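Chains, contacts and geometry: an overview
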Amino acid sequence: MEFTLSGIPIEKDNFKWESSVNLSFYHWYYAKLDPIHSSKDPRIGKGERIDKFFMTDWEKDHDGNIVHQAGLPVKNKYQTVMGYSDPKYYLGWTNKFTYKNFDLSLSVDGRVGGLLYSWTEQAMWNSGAHPDSDNQWRYDEVVNGKTNYVGKGVKVVSGSASYDPYGKVLEDTREFSLNDVPVSYQNYTQVYNENPWDHQARQNIKDATFIKLREVAFNYTLPRKFSEKLKMKNVRVGLISQNLFTWTKEFRFSDPDRGTENLNTPTARYLGFNVNLTF
Amino acid sequence: MQAMKKIFYFILSAIIMTACGDFDKINQNPDTPQTVTPAFLATDLILESTSSSISKWFLSDSWIMKTTSFTEHMEWYLYNKFERSNFGAYSNLTNAQKMLELADSNEDMNESQKNSYKGLYHFMRAYFFYNTTMEMGDVPCSDAIKGESNGVFSPKYDPQEDVFVDILSELKDASSLFEHGSPFDGDPVFNGNPDKWMRTVNVFTLRVLNMLSKKVTVGGMNVQQIFEEMASKPLIESEADSYQRVYNANKSSQWYPFYYEQQNYWSYPVMTSFLVNMMKDLKDRRLFYYAEPATRLSDKPIDSYDAYSGVNPVLEYGQVQAEYQAGLHSSINKRYYRVPQGEPVKFIAYSEAQFILAEAALRGWKTPLTAKEHYENGVRATMMFTFENTPEEYRHGVTIDEAYINEYLNGEAAFNESNGLSQIMTQKLIGSFLQLKFNSYYDYRRTGYPVIPIDPQTNMNEVKTQLPIRWMYPDAEYSHNRENIEEAIQRQFGGSDTPNGVMWLLK
């Protein structure tokens, strides 16, 4: 489904403002599954969205706290659907303002929703390059030789839980208390942000929402009499820029615009000069 | 003009057709084979069954057995966390099937050579089914490898007992086929020698039966009886005749797996106190061949036991790294990463057979020699193997010779029946350092020996007082073979697939 609304909100004297808004909704659903070779996971079936985001979550207690053992966070043995990877919708808004011989184009677009795993976040944590890792525990470990990091969450003091392969609880007799086992901060961080080939951790799966000031162009068309003197039909000069500004909801260190995030190189911001001559 | 054009085109097409008549021949690459022979598939199977990982994973079973630790970052096996295995080994069985078909249908091959390929087929099935069932429990067996022939894409899981019945039956066939076989092509280990193969198959059968020794019968057959029969058959005669991969310094594709020019992990392994102290207590000179002196102990002579130290493997991981970085402990011997040919990596060994026979004798089963004699044979073989495969400059000035081994076997390592099982398992562990991968773990799982240190505070296994006893089934089975795997998990573990589920073998 796609909606476009365009028009000229203001037109008077020497000023004109043209604008266009675009919203597109695009989702894929399974229409038919092969009876022999398709997956038989109960969460995949006719009519289900194909972009369900399957991941291995941290084991949690009934209040959503992460379960720890030996001071380190524990992973589930089954996969959970965390959300969807496709965005809820894309949006775009283009504008053109004209005043006498000047014109200004402004274009904004972005996506709202959808999950994306960030390899950059994981790599920064695992290698110790993440700015947030510059904290008291790291200082204590490196400078003072202490291993005193206590993970935020709970530990199981008695009982156990068993699940079917799809996450349904079969039996749960676990009793919890606050996690109090100190471990090395570096080790905790590296376990919490494990190699993505083995585990894509929940906290690094981010909402990919972003909005970009995609293009700003400011041009001036030379008046007729001047361009004719230069023996040309039309002369237009101006400044043009792309990717001037990006706002991201959860991505801090890389641009989700590319659709995947695997240690992406930064996207470029262009600033340029435009000369347009018609003979 | 038109006529000229017609004639011209006619002549042109005639020339083109004759000039390009040899497309088939031109498109053949003279350097590659045009057909597959059983020998090619035999090579592939034999290499797969004797391959080791060229990375830190080469050491992974020593992490479980707590004989080494690894200081790059935490590895799950170091703290007893098992995750999932997979059915990757089964792709070898497809090749085995093709090898059998090609050999069978080959009119130029004589019956006895066909027997060798058939024997290899059965052995490989037994070998890969064994590895897979030991890891996970019930696995597809009778329904396996039937995708092309019978359209079975969702094989049912056989109960583990039935899988072992099949394994023993395949091994029996393999042994008799090799007995009536002639040399075959494509074998990089024994050069196609069917007698060596038969002996290897027989020793592997002893291993399987030994692992089943808790059971009185398997599929109606008496375990002790089959074992005693097999023990009197021809077995591997020396350590050099073991089923092993020998590496070659002159070919980079045949370098020892941990050789430093092909991986970046060589600086991370560290010896543990579990193994180092065990060897110090026995005055076992192999310590000088397995380890390097600790940096901080460099004031001690390199041929003194006091220069070596191992890290406590159950410490909190940050401590392990810190102690190693402070130079307090020994790394593994440099020969494991500085010598391109390393040492041969064994998969089914003479020494292993001797220790199995020693254990059986202890149980009161009939064996060729006494428990003590088999035990001593095993120790001698592993000691000489280590000595012979260590270049002199890596021995730290310590020698291993017959005089020393006799001293050793009359000293702390002297065989004592009342402590026999523990001693056999200890010698088996020491002798299979970076050898016979996962065999020590399966022995430990079965016997509880040697007693691996466990600290409930740092143990990541859900059952904090023990090591895990199996790997979980692969994820893909839950989505593609749902009905059958759910049945298998229900039948074995009450519906919950975890690393602490008790398989039939261990009941």
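Each value, and the rule that gives it
Residues numbered from 1 in each chain as written. Chains lettered and ligands numbered in written order. Predicted model: local features only at pLDDT ≥ 70, side-chain atom pairs only at ≥ 80, totals over all residues. Heavy atoms only, no water. Helix = DSSP H or I, 4+ residues; strand = E, 2+ residues; numbered from the N terminus. Buried < 20%, exposed > 50% of the residue type's maximum accessible area, 1.4 Å probe, protein only. Contact = heavy atoms within 4.5 Å. Areas by Shrake-Rupley, 256 points an atom, 1.4 Å probe, with all protein chains shown as cover. Lys, Arg positive; Asp, Glu negative; His and termini not counted. Charge placed at Lys NZ, Arg CZ, Asp CG, Glu CD. Core = buried A, V, L, I, M, F, W, Y, C linked by side-chain atoms within 4.5 Å. Pairing = 2+ DSSP bridges. Salt bridge = Lys/Arg side-chain N within 4 Å of Asp/Glu carboxyl O. Expected span 1.5 Å × (residues − 1). Arc of directions from axis to C-beta. Patch = residues over 30% accessible without salt bridge, like charges linked within 9 Å, V, L, I, M, F, W, Y side chains within 5 Å. Domains from an automatic or database assignment. Buried area = accessible area lost by both parts, 1.4 Å probe. Polar contact = N/O pair within 3.5 Å; in protein donor to acceptor, adjacent residues only side chain to side chain. Nonpolar A, V, L, I, M, F, W, Y, C, P; charged D, E, K, R; others polar.

**What about the overall build of chain B?**
Of the regular secondary structure elements, chain B holds 21 helices and six strands. When the backbone C-alpha atoms are referred to their principal axes, chain B occupies close to 105 × 55 × 45 Å. Counting over 507 residues, chain B shows a buried share of 56%. Considering only contacts in chain B between residues 6 or more positions apart, those separated by 24 or more positions represent 74%. Carbon together with sulfur atoms contributes 50% to the accessible area of chain B, which is approximately 21700 Å² in total.

**Some remarks on the overall build of chain A**
A count of helices and strands for chain A gives four helices and 19 strands. The long-range fraction of contacts in chain A, counting pairs at least 24 apart against all pairs at least 6 apart in sequence, stands at 66%. When the accessible area of chain A is evaluated, it comes to approximately 16200 Å², of which 56% is carbon and sulfur surface. In chain A, 35 side chains carry a positive charge and 34 a negative one; their mean positions are 10 Å apart.

**Details of the nonpolar core**
The nonpolar side chains of a soluble globular protein tend to be buried with one another. Membership of the largest hydrophobic core comes to 153 residues, with the highest contact counts inside it found for Phe123(B), Phe164(B) and Trp197(B). Of the residues forming this core, the biggest block, 12 residues, is contributed by helix H6 (residues 111-136) of chain B. Every residue in contact with Phe164(B), bar those within four places of it in the chain, is listed here: Tyr130(B), Thr133(B), Met134(B), Val208(B), Leu212(B), Val218(B), Trp504(B) and Leu505(B). Core analysis: the next-biggest nonpolar cluster, separate from the first, contains six residues, Phe53(A), Met55(A), Tyr117(A) and Trp119(A) among them.

**Some details on the sheet that holds strand S5 (residues 72-73) of chain A**
The pairing of strands in a sheet happens through backbone hydrogen bonds and is either parallel or antiparallel. Sheet architecture is open: four strands sit in the order S5-S4-S11-S14 (chain A), paired in mixed fashion. Both edges of this open sheet fall to S5 and strand S14 (175-178) of chain A, since each of them pairs with a single strand only.

**Details of the pairing of strand S18 (residues 234-248) of chain A**
Residue and element names in this part refer to chain A. Pairing geometry for strand S17 (residues 210-221) and S18, over 11 bridges, is antiparallel. For Phe 218, the partnering residue across the bridge sits in S18 and is Leu 239. In this structure, S18 lies alongside strand S19 (residues 270-278), joined through nine bridges in antiparallel fashion. Looking at S19, one finds that Ile 240 is bridged to Gly 272.

**What about the pattern of salt bridges?**
For the structure shown, the criterion picks out 45 salt bridges over all chains. Look at the salt bridges and you will find they share partners, linking Asp109(A), Lys212(A), Arg214(A), Asp255(A) and Asp257(A) into a network.

**What about helix H5 (residues 90-104) of chain B?**
Residue and element names in this part refer to chain B. Along its 15 residues, H5 runs 21 Å from first to last C-alpha, staying within 8% of the 21 Å computed at 1.5 Å per residue. The set of residues buried in H5 consists of Tyr 90, Asn 92, Leu 93, Ala 96, Met 99, Leu 100 and Ala 103. Buried positions in H5, seen along its axis, are confined to an arc of 145° and lie on one side of it. In this structure, the buried residues of H5 make contact with helix H3 (38-48) and H6.

**Quick look at a nonpolar patch on the surface**
Residue and element names in this part refer to chain A. On the surface, Tyr 99, Phe 102, Phe 218, Val 237, Leu 239, Phe 273, Val 275, Leu 277 and Phe 279 cluster together to form a nonpolar patch covering roughly 930 Å² of accessible area. Looking at the nonpolar patch, the elements with two or more residues in it are S18 and S19. One can find Phe 273 in strand S19.

**Focus: the domain arrangement of chain B**
Residues and elements named next belong to chain B. Under the domain assignment, chain B is made up of domain 1 (54-80 + 237-468) and domain 2 (87-235 + 470-507). In this structure, domain 1 and domain 2 have C-alpha centres spaced 28 Å apart. The junction of domain 1 with domain 2 conceals about 2900 Å² of combined surface from both sides, 60% of it contributed by carbon and sulfur atoms. Looking only at domain 1, the three residues that lose the most surface to domain 2 are Tyr 243, Trp 365 and Arg 445, adding up to 25% of its buried area. There are three salt bridges connecting domain 1 and domain 2. Across the pair Glu 352 and Arg 207 runs a salt bridge whose closest N-O atoms are separated by 2.5 Å. Counting across the interface, domain 1 meets domain 2 through 13 residue pairs in polar contact (both at pLDDT 80 or more). At the level of secondary structure, the elements contributing two or more residues to the side of domain 1 that touches domain 2 comprise strand S4 (243-245), strand S6 (345-348), helix H15 (350-362) and helix H19 (439-447). Taken together, the residues of the side of domain 1 that touches domain 2 break down into 19 nonpolar, seven polar and 11 charged.

**Brief notes about the interface of chain A and chain B**
In this complex, chain A contributes 32 residues to the contact, which on the side of chain B involves 32 residues. Taking both partners together, chain A and chain B bury about 2400 Å²; carbon and sulfur atoms supply 53% of that area. Put simply, chain A and chain B have two salt bridges between them. In this structure, Lys77(A) and Glu462(B) form a salt bridge, with 2.8 Å as the shortest nitrogen-oxygen distance. Connecting chain A to chain B are 12 residue pairs in polar contact (both at pLDDT 80 or more).

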